[in-house]
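# Close look at the chain arrangement
Residues per chain are reported as follows:
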Amino acid sequence: MAFLSKLFRKKSISEAIASAESESEGGVGLDKNLGVWDLTALGIAAIIGAGIFSTIGSASYNGGPAVIFLFIFTAVACGFAAFAYAEFASMLPVSGSAYTYSYVAFGELIAWIIGWALIMEYAVGNITVAVSWSGYFTSLCESAGWQIPDWATIDYVSAQNGYNVAFGLLKSGSVLSDLSQAQLEAYNAWSTAPQLGNLRVILDIPAIIMSILVTALVYIGMKESKNAGNAMVVLKLLVVLLVIVVGVFYVDTANWHPFIPNGFGGVMAGVSSVFFAYIGFDALSTTAEECKNPQRDLPRAMVYAIIICTVLYICISLVLTGMVSYKDLKVDDPLAFVFSKIHLKWFSGIIAVSAVVAMAGVFLVFQLGQPRIWMSMSRDGLLPRRFSKIHPVYQTPAFSTVVTGLFVVIPMLFIPSDTVLDLCSMGTLFAFVLVCAGVLKLQITPNVPRGKFRIPYINAQYIFPVMVVGGLVFLQTQYPEQIRAWVFNTREMYSSEDILVKMNEGDIEKVKIQITQRDSLGMAAHEGDLSAYLGSLEPARYQAAVEAMPISSEEKYASGWNLFQHKIPMWLFLITSLFLCYFCYRYKLSLIPVLGLVSCLYMMAQIPAKSWFGFFVWLIVGLVIYFGYGYRNSKLNRTQAGI
């Protein structure tokens, strides 16, 4: 019992504040120069980036003009979490974000876990931002006549995986022109990369260089970072507003019909990617010790940033889906694409330049956040003292900033960007869930000091259980067959791409012959391209074609554990929701943080199971470090032991 009690030893609010005030290396503290609009600008710099310049295209393709509801849903979910962050930030105006908040609410072990998870949001998430930035920079260079080799703009694993997929499609009869842009780039990168022995030299050089330069800027100082961030925000806000003002004159309202072409499922298909467009507002809480008035300004800045960005996202979505059909928007650079399509290529160039600046702004804010998390963990003794050392001249956590840069550059060499995006979302959503849970715990804990900002209280005792029961009844009545198949783990047919990758060349030839005998006109219409033929079939015809293929059942269907493992996150979400119904009824919990917890957990459940596995492996590595170093060297442990 004594061991367990030590694992969950807590800081009091007064101890957390006093620790931050007393901790300084040689009497040097962080420079306080951030006001409410500086913080709001940093929030906007983090939020307006990949979402408005890239993922808005694929989200619009899936949801049509109704994608505005997706942005609203995600904004509301993040808004719930922002309220929880704001209440904690008002109560605890110190660096550390969710890590420090969890230390007060749940104790040391949970604080370590969330601090370790936050590395995925800031340091690891910045890999995705850097790769996105590299894509826009490469496109800009190409438009200027400077061609960067494909092997110098992609990571090793993505190139290898993309090559394997492309090779599978080529085996099925596709030609290079049939490949998507990403598949073609990966194929070319792997095929043309210089070699050192058997090792291919493949690395994203522009992303690496940008990462080093921005890390150097963060190292130099908050004032310089703030000024650069503010300049980036002004530039991209001007471009976004210009896109709206110019684009509205080219809107054809006929493109808004049908408004919801793919139903609710289509709208929600882009939840994970659009969520990534909103994260970053929580990075503001890591700058608490550099704020002039954190208890007043941090809550306001978080709310202002989310509201401003949501309005801009909605306006941009309506303009894009009004200028062209939503079916044309599945591109990497949708803003530039729509203006190029209406023959305003000069304006597309302006957007491309702005995108490069916007991505750098997002990277800057994330790179500011991670060193301050490590600084707080070091102050508590969970990491070596050097991580909390403040540079005597630049007044920044110097060593932590350098390590953060290495955490971005080194994994960028071999971790695929799509995997990094999922892991980043996992770490972020996990932090949001624990912060919302922390607010709920503090609300039912007696005699807890409170800050100036408090979440408006709405009793969830009956409201939330009714919402859960109502949702389950709605799903069962509207989608009975799908719900039954999901619950009983009925086997599901693989997509055409998955099937083709699994088959060898001999099987592909057999399938081609068999399908040609059944539908010679269809195969002829696609020039013998099996991938194109299968992709053109309606669901019923596709199912019949796959069932008739002379290949094994395992190559056609996902079933058993291979299928069930992908449903585990959603089962966890459902079970947690039922437990929350009980706690809401018993403790009369506050509705807003409950909804924040549930909505963020729902988005976690949309992330692939393999990323959950990777996340748990990451947490296990963190626990090894904690029990190997942090548990013994914890300041609370040393205080209790009288050391």
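Just so you know, these numbers come straight off a predicted model, no measurement behind them. (Residues numbered from 1 in each chain as written. Predicted model: local features only at pLDDT ≥ 70, side-chain atom pairs only at ≥ 80, totals over all residues. Heavy atoms only, no water.)

A tally of helices and strands in the protein chain yields 30 helices and four strands. For the protein chain, the residues scored as buried account for 54% of the 643 residues in total. Here the analysis covers contacts within the protein chain between residues at least 6 apart in sequence; of these, 84% occur between residues at least 24 apart. Total accessible area on the protein chain stands at roughly 27300 Å², and carbon and sulfur atoms take up 64% of it. (Helix = DSSP H or I, 4+ residues; strand = E, 2+ residues; numbered from the N terminus. Buried < 20%, exposed > 50% of the residue type's maximum accessible area, 1.4 Å probe, protein only. Contact = heavy atoms within 4.5 Å. Areas by Shrake-Rupley, 256 points an atom, 1.4 Å probe, with all protein chains shown as cover.)

Turning our attention to a nonpolar patch on the surface. A cluster of nonpolar side chains, namely Ile444, Ile575, Phe579, Tyr582, Phe583 and Tyr587, defines an oily patch on the protein surface of about 570 Å² accessible area. Relative to the elements of secondary structure, Tyr587 occurs in helix α27 (residues 568-587). With relative accessibility at 35%, the residue Tyr587 sits in the partly exposed group. (Patch = residues over 30% accessible without salt bridge, like charges linked within 9 Å, V, L, I, M, F, W, Y side chains within 5 Å. Salt bridge = Lys/Arg side-chain N within 4 Å of Asp/Glu carboxyl O.)

The next subject is unusual backbone geometry. Phi is mostly negative for residues that are not glycine, and the peptide bonds are mostly trans. With an omega of 0 degrees, the peptide bond running from His257 to Pro258 counts as cis. Relative to the elements of secondary structure, Pro258 occurs in the loop between α11 (222-247) and α12 (263-268). The phi dihedral of Asn489 falls on the positive side, at around 55 degrees, and the residue is not glycine. Within the element layout of this structure, Asn489 appears in the loop between α20 (480-487) and β3 (492-493). The residue Lys588 is not glycine, and still its phi comes out positive at about 55 degrees. By the element assignment, Lys588 lies in the loop between α27 and α28 (591-605).

Attention now moves to the nonpolar core. When a protein is soluble and globular, its nonpolar side chains tend to lie buried together. In this structure, Phe88 and Phe464 are the most contacted members of the largest nonpolar core, which totals 154 residues. Looking at which element gives the most residues to this core, the answer is helix α7 (residues 108-143), with 17 residues. Grouped together as the second largest cluster of nonpolar side chains are 24 residues, Leu169, Leu534, Ala545 and Leu563 included. (Core = buried A, V, L, I, M, F, W, Y, C linked by side-chain atoms within 4.5 Å.)

Turning our eyes to something else, we now look at the packing of aromatic side chains. The geometry of an aromatic ring pair is captured by two quantities: the separation of the ring centres and the angle between the planes. Per the stated rule, a full pass over the model turns up 27 aromatic pairs. Here the aromatic rings of Trp112 and Trp116 are separated by 5.8 Å at their centres, their planes lie at 15 degrees, and the arrangement is stacked. Of the two residues, Trp112 and Trp116 are both situated in helix α7; the distance of four residues between them amounts to about one turn of the helix. Across this residue pair, the class does not change: Trp112 and Trp116 are buried. (Phe/Tyr/Trp six-rings, centres within 6.5 Å; stacked < 30°, edge-to-face > 60°.)

Looking now at helix α8 (residues 156-171). Relative to the 22 Å expected for 16 residues at 1.5 Å per residue, α8 spans 23 Å between its end C-alpha atoms, a close match to the ideal helical length. For α8, every residue scored as buried is listed here: Ser158, Ala159, Gly162, Val165, Ala166, Gly168 and Leu169. Capping of α8 at its N-terminal end is provided by Asp155; its side-chain oxygen lies 3.1 Å from the backbone amide nitrogen of Val157. (Expected span 1.5 Å × (residues − 1). Polar contact = N/O pair within 3.5 Å; in protein donor to acceptor, adjacent residues only side chain to side chain.)

Remark: helix α16 (residues 345-379) packs on helix α17 (residues 398-409), axes separated minimally by 9 Å, with the N-to-C direction vectors making an angle of 125 degrees. For the element pair α16 / α17, the angle class is oblique. Where α16 crosses over α17, the two elements pack in a sense that is right-handed. Within the contact between the two elements, α16 uses Phe363, Gln367, Gln370, Pro371, Trp374 and Met375 and α17 uses Ser400, Thr401, Val403, Thr404, Gly405, Phe407 and Val408. (Axes fitted to C-alpha atoms, helices over the stretch in contact; angles between N-to-C directions. Parallel < 35°, antiparallel > 145°, perpendicular 65-115°, else oblique. Left-handed = near helix turned anticlockwise from the far one by under 90°.)

Moving on, we get to the pattern of salt bridges. With the rule as written, the count across this model stands at two salt bridges. Put simply, Glu108 and Arg9 hold a salt bridge, and the shortest N to O gap is 2.9 Å. You can see Glu108 sitting in helix α7 and its partner Arg9 sitting in the loop between α1 (2-7) and α2 (13-22), a full 99 residues away along the chain. Judged by relative accessible area, Arg9 falls into the buried class, the value being 4%. Taking the shortest distance from any N to any O, the salt bridge between Asp519 and Arg541 comes out at 3.2 Å. Here Asp519 is found in the loop between α22 (505-518) and α23 (520-525), whereas its partner Arg541 is found in helix α25 (residues 539-547), with 22 residues between them in sequence. Exposure remark for Asp519: the relative accessible area of 18% places this residue in the buried category.

This part takes up the environment of Tyr629. Take Tyr629: it is sitting in helix α29 (residues 609-633). Classification of Tyr629 as partly exposed rests on a relative accessible area of 29%. Taking the C-alpha atoms as reference points, Tyr629 and Leu382, 247 residues apart in sequence, are found 6.9 Å from one another.

It is worth spelling out the packing of helix α5 (residues 67-91) against α28 at this point. Put simply, α5 and α28 touch, their axes get as near as 8 Å, and they point 125 degrees apart. Overall, the two elements α5 and α28 adopt an arrangement that is oblique. Note that α5 runs across α28; the crossing there is left-handed. Taken together, the residues of α28 that come into contact with α5 (itself represented by Phe73, Ala77, Phe80, Ala81 and Phe83) are Ile592, Leu595, Gly596, Ser599, Cys600, Tyr602 and Met603.

A few words now on the environment of Met302. Relative to the helices and strands, Met302 resides in helix α14 (residues 294-323). Taking the relative accessible area as the measure of exposure, Met302 reaches 0% and is therefore buried. Taking C-alpha positions, Met302 is 8.3 Å from Phe83, a pair spaced 219 residues apart along the chain.

The subject of this paragraph is the environment of Val245. Inspection of the secondary structure puts Val245 in helix α11. For Val245, a relative accessible area of 47% puts it in the partly exposed group. Between the C-alpha atoms of Val245 and Ile316, which are 71 residues apart in sequence, the distance is 9.9 Å.

Next up on the list: the side chain of Asp519. Among the polar contacts made by the side chain of Asp519, one reaches the side chain of Tyr533 at a distance of 2.9 Å. Look past the residues within four positions of Asp519 in its chain and what remains in contact with it is Tyr533 and Arg541.

Another aspect to go through is the confidence of the model for the protein chain. Do not read the predicted coordinates in detail wherever pLDDT is low. When pLDDT is averaged along the protein chain, the result is 80; 86% of the residues meet or exceed 70. Ranking the elements of the protein chain by mean pLDDT puts α2 last with 66 and α27 first with 94. Confidence drops under pLDDT 50 across residues 24-28; counting only partners more than four residues distant or on other chains, this segment forms nine contacts. (pLDDT = per-residue confidence, 0-100.)

Locating Gln367 in the fold gives a position in helix α16. Polar side-chain contacts of Gln367 include one of 2.9 Å to the side chain of Thr215. Non-local contacts of Gln367, meaning those with residues more than four positions away in its chain, are made with Asn126, Thr215, Val218, Thr404, Gly405 and Val408.

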